Amino acid sequence: MARRKKIYEGKAKILYEGPEPGTIVQYFKDDATAFNAQKKDVVDGKGVLNNRLSEFFMTGLNNVGVPTHFIRRLNMREQLVRSCEIIPLEIIVRNFAAGSLSERLGIEEGTQLPRPIVEYCFKDDALGDPLVSEEHIAAFGWASQQDMDDILSLALRVNDYLSGVMYGVGIKLVDFKIEIGRVYDGDFQRLVVADEISPDSCRLWDIESGRKLDKDVFRRDLGNLTDAYSEVARRLGVLPRTPMVKPTLIN
Ligand code: TMP
């Protein structure tokens, strides 16, 4: 089969032209990066897990009425999504202090926040995705005021959905990052949740033990990343609960 046209290669995914106009194939790589790719590794199986987990979360969001770019999973590493114009912002929602918020404001990791805090970073690798305010977003025209109202509402709906789903399997949703895309339906444009939702883009802590089940395992060298992501997938029923038994050959 002729290889499709590559549209873009990022740190964790490759985008190919989709089979129909207005579609894109998202391929999940095994590459793991942190600190703006200063730390890099290949983690066997990460792409397969993130493809399945992102499918699970995006399908759930679509089912509860939160629009996403997700159409369907194609195979172990690829999914078909609607092509959209990505708004150049990383939208971060935090329920508990961790990571850069803890560092910036000196709040101990794990401290419950008085309410979900939404932050925006300008998507620019060369600048290290700097934190920006709504003033910057408006002044530089990255998104309109209407977009910002819609983005906030989408981000909080994703937070409610994800924290509920994770709580149901004994996991605390500490924070997460989403990206938002603009799609056109005839004359109308609307915003949808795009990119991916996976343990690469969330902080997930086991409620009982506090064990980290997200990319901090890689960022902070806390153990095996595939084990952590598999645990999340197993609890959500995305992978079989018991490890698959290797078939043994008779004779
Ligand atoms: P931070 O505490 O490092 O700012 O991260 C906040 C959340 O955003 C956390 O769940 C991890 C996620 N994240 C990404 O998805 N991509 C990134 O490049 C960074 C820095 C964080």
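Residues numbered from 1 in each chain as written. Predicted model: local features only at pLDDT ≥ 70, side-chain atom pairs only at ≥ 80, totals over all residues. Heavy atoms only, no water.

Would you mind showing me how to read the site of the ligand here?
Lining the immediate surroundings of the ligand are 14 residues, of which Arg94, Ser100, Asp175, Lys177 and Arg203 lie closest. One nitrogen or oxygen atom from the side chain of Arg94 is found 2.9 Å from an oxygen atom belonging to the ligand. Between the ligand and the protein, one listed contact pairs an oxygen atom with a side-chain N or O atom of Arg203 at 2.9 Å. Notes on the ligand: free accessible area 450 Å², of which the protein chains cover 77%. Of all the elements in the fold, those that place two or more residues in the shell around the ligand are strand E9 (89–96), helix H2 (99–105), strand E12 (171–185) and strand E14 (202–206). In the shell around the ligand, the residues fall into 4 nonpolar, 3 polar and 7 charged. (Near = heavy atom within 4 Å. Polar contact = N/O pair within 3.5 Å; in protein donor to acceptor, adjacent residues only side chain to side chain. Areas by Shrake-Rupley, 256 points an atom, 1.4 Å probe, with all protein chains shown as cover. Helix = DSSP H or I, 4+ residues; strand = E, 2+ residues; numbered from the N terminus. Nonpolar A, V, L, I, M, F, W, Y, C, P; charged D, E, K, R; others polar.)

Looking at this structure, how should I read the pairing of strand E5 (residues 39–42)?
Regular strands show a simple pattern: their side chains alternate between the two faces of the sheet. By the bridge criterion, 4 bridges tie strand E4 (residues 31–34) to E5 in an arrangement that is antiparallel. Residue pairing for E5: Ala34 is matched across the bridge by Lys39. (Pairing = 2+ DSSP bridges.)

Just checking my understanding: could you explain the packing of helix H1 (residues 46–63) against helix H4 (residues 145–168) for this structure?
Packed helices, taken two at a time, are described by the angle between their axes plus the distance between the axes. It is at 11 Å that the axes of H1 and H4 come closest, and there the two elements cross at 120°. Taken together, the axes of H1 and H4 are oblique relative to one another. Relative to H4, H1 is oriented so that their crossing is right-handed. From H1, Phe56, Phe57, Gly60 and Leu61 reach across to H4, where they touch Val158, Tyr161, Leu162, Val165 and Met166. Of the residues assigned to the contact of H1 with H4, the class counts are 8 nonpolar, 1 polar and no charged. (Axes fitted to C-alpha atoms, helices over the stretch in contact; angles between N-to-C directions. Parallel < 35°, antiparallel > 145°, perpendicular 65-115°, else oblique. Left-handed = near helix turned anticlockwise from the far one by under 90°. Contact = heavy atoms within 4.5 Å.)

Explain the sheet that holds strand E2 (residues 13–17) to me, please; I cannot follow it from the model alone.
The strands making up a sheet are joined through hydrogen bonds of the backbone, oriented either antiparallel or parallel. Spatially, E1-E2-E3-E7-E6 is the arrangement adopted by the 5 strands of the open sheet, whose pairing is antiparallel. Each having just a single partner strand, strand E1 (6–9) and strand E6 (70–73) make up the two edges of the open sheet. Strand-to-strand twist across the sheet, computed as the mean angle between neighbouring axes with direction ignored, equals 25°. Alignment of E1 against E2, held across 3 bridges, turns out to be antiparallel. Looking at E2, one finds that Glu9 is bridged to Ile14.

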